[in-house]
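Given next are the chains, with one letter for each unit.
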Amino acid sequence: MTETLAELDGLRPPGGKRSNKREKILNVFLRQEGHLSADDLVELIRREDQGISRATVYRTLQWMVEAGIARKVDFGEGRFRFEHSYRHPRHFHLICKKCNRSSEFLSSDIEALIEEVAAARSFSANQSVLQIYGTCAECRTGRPAPVDGGTTDLLFARDALRIAIATEQSGLEFYSRAARAVENPRGRLVFTRLADEERAHLAELEARYRKLLARDPQLESRPTFLFFKGAANGLFAAGAEQVARGVDDRHALLIGIRCERASHRFFKRYGEQFEETEGKQVFLEFADAERAHLEKLVREYRLLVARETRARKRPRPAARARG
Ligand SMILES: [Zn+2]
Ligand SMILES: [Zn+2]
């Protein structure tokens, strides 16, 4: 926790005096997962230190919201709840009106739609809140739902890796199909090598995924947090279909360039928007890997164009005979 506090030092108001009480409250708050009311926090603090007043807790919560350490959420209960944002990615909520439990998720498609609407109305959006009220599976069926321990850094990293793995799988499919579809031996060799590279990278991502699972035995069974409809089937799926219909190496390279560029942009842009988390790192590292693939394809494409140009300039024997 000392490390956490050191990282949060930058968030302190300039000239704000260090207060032991405030630090104690911050510490207790950051240890909690889920959504606490101000009174829940007062109770937790009182268990550790009777000398901290309710007013101090309230004031500190207010400061944490202003400093971006805490987010204030309204679940329609007539009071606010607070969740910490440290290593906790932004999200939307599903709220059960029967048991009052909430569950978190995020969807790139919903966020893209919000951006589109805001842009169309020239509206500069700085926060969007989406809350879905209803009845949870457990309240509806009586059967216990899968463990849902709030959105941990680990859960976010799990889903980021799942998306990266799905993308690599569709990339591998694309390059394998391109290697089969292209007749030119040089083009075939290029795509075979790229497929090998995707296979190696996929193995790395899968190893990282297994390592993550080892840190929490229940991680695999927790509900999905990130919904990426657009990316779930892999950003290369459309390209793989196109290639299967038959293409030459030039066309296959162009499709590959388009897919790698879209993939690089998606992971970079999405990753950059996240709070400092392991999932963010997964996105940004994957974006770099996709850029490396993109550069390789562009290089190959230029070489191919140069070869074709040279071949055209070289006078053909028949032409020479006629001249
Ligand atoms: Zn419920
Ligand atoms: Zn939440």
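Residues numbered from 1 in each chain as written. Chains lettered and ligands numbered in written order. Predicted model: local features only at pLDDT ≥ 70, side-chain atom pairs only at ≥ 80, totals over all residues. Heavy atoms only, no water.

1. So, the overall build of the chain
A count of helices and strands for the chain gives 13 helices and seven strands. Taken over 323 residues, the chain has a buried fraction of 42%. Considering only intrachain contacts with a sequence separation of at least 6, the fraction spanning at least 24 residues in the chain is 68%. Counting only carbon and sulfur atoms, one obtains 52% of the accessible surface of the chain, whose full area is about 18,300 Å². (Helix = DSSP H or I, 4+ residues; strand = E, 2+ residues; numbered from the N terminus. Buried < 20%, exposed > 50% of the residue type's maximum accessible area, 1.4 Å probe, protein only. Contact = heavy atoms within 4.5 Å. Areas by Shrake-Rupley, 256 points an atom, 1.4 Å probe, with all protein chains shown as cover.)

2. A look at the packing of aromatic side chains
Tallied over the entire structure, the rule returns 19 aromatic pairs. For the pair Tyr 175 and Phe 236, a centre-to-centre distance of 6.4 Å together with 50° between the ring planes defines the contact as tilted. Residue Tyr 175 is located in helix H7 (residues 153-181), and its partner Phe 236 is located in the loop between helix H9 (229-232) and helix H10 (237-244); the two are separated by 61 residues in the primary sequence. For the cation-ring pair, Arg 90 lies above Tyr 270, with the distance from its terminal atom to the ring centre recorded as 5.8 Å. (Phe/Tyr/Trp six-rings, centres within 6.5 Å; stacked < 30°, edge-to-face > 60°. Lys NZ or Arg CZ within 6 Å of the ring centre and 35° of its normal.)

3. Regarding the coordination of the zinc ion (ligand 2)
Listed as protein donors to the zinc ion (ligand 2) are His 35 (NE2), Glu 83 (OE), His 91 (NE2), His 93 (NE2) and Glu 104 (OE); their distances from the metal cover 2.0 to 2.1 Å. Here His 35 falls in the buried class, since its relative accessible area comes to 13%. By relative accessible area, which is 8% here, Glu 104 ends up buried. (Donors = N, O, S within 2.8 Å, 3.2 Å for Na, K, Ca; no water.)

4. Here we look at the sheet that holds strand E6 (residues 131-134)
In spatial order, the strands read E6-E4-E5-E7; together these four strands make up an open sheet with mixed pairing. Of all strands in the sheet, those bounded by a partner on one side alone are E6 and strand E7 (226-227). Across two bridges, strand E5 (residues 102-107) lies against E7 in parallel orientation. What sits directly across from Ser 107, in E7, is Phe 227. (Pairing = 2+ DSSP bridges.)

5. Observations regarding the sheet that holds strand E3 (residues 80-84)
Spatial ordering of the open sheet is given by E1-E3-E2, a layout of three strands whose pairing is antiparallel. Of all strands in the sheet, those with a lone pairing partner are strand E1 (36-37) and strand E2 (70-74), marking the two edges. With two bridges connecting them, E1 and E3 associate as antiparallel partners. Across the sheet, the residue bridging to Leu 36 is Phe 82, located in E3. Helix-sheet contacts for helix H2 (residues 20-31) involve E1, E2 and E3, and the interaxial angle to E3 is about 85°. (Axes fitted to C-alpha atoms, helices over the stretch in contact; angles between N-to-C directions.)

6. Description of H7
The α-helix winds at 3.6 residues per turn, so residues separated by three or four positions along the chain end up facing the same way. The terminal C-alpha atoms of H7 lie 42 Å apart, and with 29 residues this matches the ideal 42 Å at 1.5 Å per residue to within 8%. Within H7, 23 of the 29 residues are buried, which leaves the element mostly enclosed by the surrounding structure. (Expected span 1.5 Å × (residues − 1).)

7. Concerning the coordination of the zinc ion (ligand 1)
Donor atoms from the polypeptide that coordinate the zinc ion (ligand 1) comprise Cys 96 (SG), Cys 99 (SG), Cys 136 (SG) and Cys 139 (SG), at 2.3 Å from the metal. Here the donor residues of the zinc ion (ligand 1) share one chain and are spaced in sequence as C-x2-C-x36-C-x2-C. Remark: Cys 139 occurs in helix H6 (residues 137-141) and Cys 96 occurs in strand E4 (residues 92-96); sequence separation between them is 43 residues. Note on Cys 139: relative accessible area 29%, which makes it partly exposed.

8. So, the environment of Arg 90
With respect to the helices, strands and loops of the structure, Arg 90 is situated in the loop between E3 and E4. Of the residues examined, Arg 90 reaches a relative accessible area of 18% and is grouped as buried. In this structure, the C-alpha to C-alpha distance between Arg 90 and Gln 127, residues 37 residues apart in sequence, is 9.9 Å. Reaching out from Arg 90, the side chain makes a polar contact with the side chain of Glu 111 at a distance of 2.6 Å. At a separation of 3.1 Å, a polar atom in the side chain of Arg 90 contacts the main-chain carbonyl oxygen of Gln 273. (Polar contact = N/O pair within 3.5 Å; in protein donor to acceptor, adjacent residues only side chain to side chain.)

9. Quick notes on the environment of Ile 110
One can find Ile 110 in helix H5 (residues 108-120). Residue classification places Ile 110 among the partly exposed positions, given a relative accessible area of 28%. Here the alpha-carbon distance between Ile 110 and Leu 130, two residues 20 residues apart in the chain, equals 9.6 Å.

10. What about helix H4 (residues 54-66)?
In this model H4 runs 19 Å from its N-terminal to its C-terminal C-alpha over 13 residues, within 8% of the 18 Å that 1.5 Å per residue would give. Here H4 has its buried residues at Thr 56, Val 57, Thr 60, Leu 61, Trp 63 and Met 64. The buried residues of H4 occupy one face: seen down the axis, they fall within an arc of 165°. Exposed positions of H4 whose direction lies more than 90 degrees from the buried face are Arg 59 and Glu 66. In this structure, the buried side of H4 is in contact with H2, helix H3 (38-48), E2 and E3. One or two positions beyond H4, positive phi appears at Gly 68, with a value near 80°. (Arc of directions from axis to C-beta.)

11. Comments concerning the pattern of salt bridges
With the rule as written, the count across this model stands at 25 salt bridges. For the salt bridge of Glu 111 with Arg 90, the shortest nitrogen-to-oxygen distance reads 2.6 Å. Taken together, the residues span a long stretch of sequence, with Glu 111 in helix H5 and Arg 90 in the loop between E3 and E4 at a distance of 21 residues. As far as the burial class goes, Glu 111 and Arg 90 line up, both buried. Here Arg 291 and Glu 295 are joined by a salt bridge, their closest N and O atoms 3.7 Å apart. With Arg 291 and Glu 295 both in helix H12 (residues 278-313) and four residues apart, the pair spans about one turn of that helix. The structure contains a network of salt bridges with shared partners spanning Arg 158, Asp 159, Arg 162 and Glu 220. (Salt bridge = Lys/Arg side-chain N within 4 Å of Asp/Glu carboxyl O.)

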